[in-house]
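Structural characterization, general
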Amino acid sequence: MARVAVIGAGTMGHALALVFALGGHRVRLTDSNPATLAKAQGLMETALATLVQGGEAPKDWTSGHLAQAVTRHERLEEAVDGAELIVEAIIEVPEAKRELYARLDACAPADAILASNTSHLDVFPLIPEARQAKALIAHWYTPPYLVDLVDMIPGPKCEPAAFDSVFSMLKAMGKQPLGLKKFVPGYVANRIQAAIGLEVQNLLDEGVATAAEIDAAIIHGLALRLPILGFYAKADFTGLPLMQAVARNKSYTPPVPKGGSPVLDKLVEEGRTGVLAGAGYYDWPGDPAALFEARDRRLIQLKQAMREIGTMAGLERSE
């Protein structure tokens, strides 16, 4: 059992606190915004109830159990007192992170490991020199209590033992840490997702297909095969000569990034900002909390089915 401090109680922070608590660790959660911190307990309880009901968390985990495993603290100094691992999950603003790391340098235990959940920033230049030996990135995906992938990148001066200890901790929690050779913005999954996003926005803006039609192509075409094959195993089944032929034909030209999307901009201007607003590309009537719960239930069912089905990628090493 490790003592973990999670800095930032927003969308990712409170969920990460729940993940580490379910992993058997004692967690202290803090946020600079008292209102965000106050909401965290209810959000964690809702997610926990869905996990228990779906069989992804022990049935004896109650709100009382959660309150003991995760405590909330308004003061940063109190949250990090005695922490062995400090998870930074605040906003993606360089100066905000720089300021936080300066404060942590002054108040956190000298041997605490700093793990940033940053999505795109190279945080290492923002971290004081004295903390570089135990600085790394551990980037999660939402909702982290269901999505197991964690991108891990050691800082340029990170001690291997510090990196290995967090890697082993996550593996023991049932997660899938991915140790990358070097930092690149967006890591692997988000860079692939960015390429998909650029293409689908272009298809929508050009009027090639509707949002629902594009989603149908992804769900019924790409998504059916990707969970068991990934990209490169799928290529092996298709045959590599076909990949060569497609490359030689130069039949695909990726869209040029335009820095925006007319359709997306119009939706935001109209207040259609997503599920929390009741509408985005789709209309989402009803309680947003119920919609997120419905999403989580489906992800649980899919995750459990995938455990039973297994994947083809890597199968050649097991047979």
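Now for a description of the structure that goes with this document. (Residues numbered from 1 in each chain as written. Predicted model: local features only at pLDDT ≥ 70, side-chain atom pairs only at ≥ 80, totals over all residues. Heavy atoms only, no water.)

Let's talk about the sheet that holds strand 3 (residues 70-73)
Condition: Here the rule is simple: two strands pair whenever DSSP picks up at least two bridges between them. Each helix is a run of DSSP H or I of at least 4 residues and each strand a run of E of at least 2, with the numbering of both proceeding from the N terminus. Lines fitted to the C-alpha atoms define the axes, with helices restricted to the stretch that makes contact. Angles between their N-to-C directions range from 0 to 180 degrees.
One open sheet accounts for eight strands, arranged 3-2-1-4-5-6-7-8; its pairing is mixed. A single partner strand is all that each edge strand has here, and the edge strands are strand 3 and strand 8 (176-179). Across the sheet, the axes of successive neighbouring strands diverge by a mean angle of 25°, strand direction being ignored. Pairing analysis gives four bridges linking strand 2 (residues 26-30) to strand 3, with the strands arranged parallel.

What to know about the packing of aromatic side chains
For clarity, the cut-off: Pairing of aromatic side chains requires ring centres within 6.5 Å, counting the rings of Phe and Tyr and the six-membered ring of Trp. Pairs whose planes differ by under 30 degrees are stacked, by over 60 edge-to-face, and all others tilted. Here the term buried applies to any residue with accessible area under 20% of the maximum for its type, exposed to any over 50%, and partly exposed to those in between, with areas from a 1.4 Å probe on protein chains only.
Evaluation of the coordinates by the stated rule reveals five aromatic pairs. Measuring from ring centre to ring centre gives 6.0 Å for Phe 183 and Tyr 187, while their planes differ by 80°; the resulting arrangement is edge-to-face. Since its relative accessible area comes to 1%, Tyr 187 is described here as buried. Relative to Tyr 232, the ring of Phe 231 has its centre 5.0 Å away and its plane inclined at 90°; by these criteria the two rings are edge-to-face. Judged on exposure class, the residue Phe 231 and its partner Tyr 232 are both exposed.

Re a nonpolar patch on the surface
Quick reminder of the rule: The residues that make up patches have over 30% relative accessible area and no salt bridge, and they are joined within 9 Å when like-charged or within 5 Å when they are Val, Leu, Ile, Met, Phe, Trp or Tyr. The method behind every accessible area is Shrake-Rupley, applied with a 1.4 Å probe, and residues are considered shielded solely by the protein chains displayed. The term salt bridge refers to a side-chain nitrogen of Lys or Arg lying within 4 Å of a carboxyl oxygen of Asp or Glu.
Nonpolar side chains collect at one region of the surface, where Leu 264, Val 268, Tyr 281, Tyr 282 and Trp 284 lie side by side and expose about 420 Å² of accessible area between them. Among the structural elements, Val 268 can be located in helix 11 (residues 262-269).

Description of unusual backbone geometry
In most cases, non-glycine residues show a negative phi, while peptide bonds are predominantly trans. In this structure, the amide linkage connecting Thr 142 to the following residue, Pro 143, adopts the cis form with an omega of -5°. The residue Pro 143 is located in the loop between strand 6 (135-140) and strand 7 (149-154) in this model. Not every positive phi belongs to a glycine, and Tyr 187 is a case in point at roughly 60°. The topology assignment puts Tyr 187 in the loop between strand 8 and helix 7 (189-205).

What to know about helix 2 (residues 34-53)
Quick reminder of the rule: Here a helix's expected span is defined as the number of its residues, less one, multiplied by 1.5 Å. Here, residues are in contact when the closest pair of their heavy atoms is within 4.5 Å. N or O atoms closer than or at 3.5 Å make up a polar contact, with two conditions inside protein: a donor-capable atom paired with an acceptor-capable one, and, for residues adjacent in sequence, both atoms drawn from side chains.
The terminal C-alpha atoms of helix 2 lie 30 Å apart, and with 20 residues this matches the ideal 28 Å at 1.5 Å per residue to within 8%. Buried residues along helix 2 sit against helix 1 (13-22), strand 2, helix 3 (63-69), strand 3 and helix 12 (288-309). Put simply, Asn 33 is the residue that caps the front of helix 2, since its side-chain oxygen is 2.9 Å from the backbone nitrogen of Ala 35. Immediately beyond the C-terminal end of helix 2, within one or two residues, lies Gly 55, with a positive phi of roughly 80°.

Structural notes on the environment of Met 44
Considering the arrangement of structural elements, one finds Met 44 in helix 2. In this structure, the C-alpha to C-alpha distance between Met 44 and Glu 84, residues 40 residues apart in sequence, is 22 Å.

A look at the nonpolar core
As a reminder, the rule being used: Among buried residues, those of type Ala, Val, Leu, Ile, Met, Phe, Trp, Tyr and Cys that are joined through side-chain atoms within 4.5 Å constitute a nonpolar core.
By size, the foremost hydrophobic cluster in this structure holds 46 residues, and its most contacted members are Phe 20, Leu 29, Val 70, Leu 85, Leu 136 and Trp 140. Judged by nonpolar contacts, the second largest core, of 21 residues, contains Val 80, Val 123, Ile 127 and Ala 135.

Quick look at the pairing of strand 8
Heads up, the condition is: Convention used here: a crossover is right-handed provided that the path from the first strand, over the helix, to the second strand proceeds clockwise when the strands point away from the viewer.
The pairing of strand 7 with strand 8 spans four bridges and is parallel. Across the sheet, residue Val 150 finds its bridge partner in strand 8, namely Pro 177. Tracing the backbone out of strand 7, into helix 6 (residues 160-172) and back to the parallel element strand 8 gives a crossover that is right-handed.

The values reported here are purely geometric and, on their own, carry no functional implication.
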